[in-house]
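# Fold and geometry: a report
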Amino acid sequence: PTAAVAMEFLATFGLAGKELFDYNRENYSFDAEQRLQRELMRLDMQVTRFEMFRDDIRDLVELTVGKMEMYHLVGALFLEKTVALYCEGRIKEEV
């Protein structure tokens, strides 16, 4: 009788151990999937963040270039009038 009781006792602990292992394995698999999703989301957000940095730099450069184009236009007109004044002595009005 003691051998049968011992076998029953070991079988109960074996079944409980298997259930506990399966439960932990299921949770581990769920957590691993969540970790992977979190890491992929982090990478996507980082790529988007650096794209925004690039857009900001591109906008600043375009702003500077736009201002320089205006300065060039004003400078060219000023230079034209100055050269006309020094070379001819007066500016001829055209109608």
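Residues numbered from 1 in each chain as written. Predicted model: local features only at pLDDT ≥ 70, side-chain atom pairs only at ≥ 80, totals over all residues. Heavy atoms only, no water.

The next thing to look at is the overall build of the chain. In terms of regular secondary structure, the chain is built from one helix and zero strands. In terms of C-alpha radius of gyration, the chain reaches 40 Å, well past the compact-globule figure of 12 Å for 95 residues. With the C-alpha coordinates of the chain rotated into their principal frame, the extents come out at 130 × 20 × 5 Å. Within the chain, buried positions represent 0% of all 95 residues. Accessible area of the chain: about 9500 Å², with a carbon and sulfur share of 65%. Averaging the positions of the 12 positive and the 18 negative side-chain charges in the chain gives two centres separated by 6 Å. (Helix = DSSP H or I, 4+ residues; strand = E, 2+ residues; numbered from the N terminus. Rg over C-alpha atoms; globule rule 2.2 N^0.38 Å. Buried < 20%, exposed > 50% of the residue type's maximum accessible area, 1.4 Å probe, protein only. Areas by Shrake-Rupley, 256 points an atom, 1.4 Å probe, with all protein chains shown as cover. Lys, Arg positive; Asp, Glu negative; His and termini not counted. Charge placed at Lys NZ, Arg CZ, Asp CG, Glu CD.)

Summed over all chains, the structure comprises two salt bridges. Notably, a salt bridge pairs Asp 55 with Arg 58, separated by 2.8 Å at the nearest N-O pair. Residue Asp 55 and its partner Arg 58 are located together in helix H1 (residues 2–88), separated by three residues, close to a single helical turn. (Salt bridge = Lys/Arg side-chain N within 4 Å of Asp/Glu carboxyl O.)

All quantities given are derived from atomic positions and should not be read as evidence of function.
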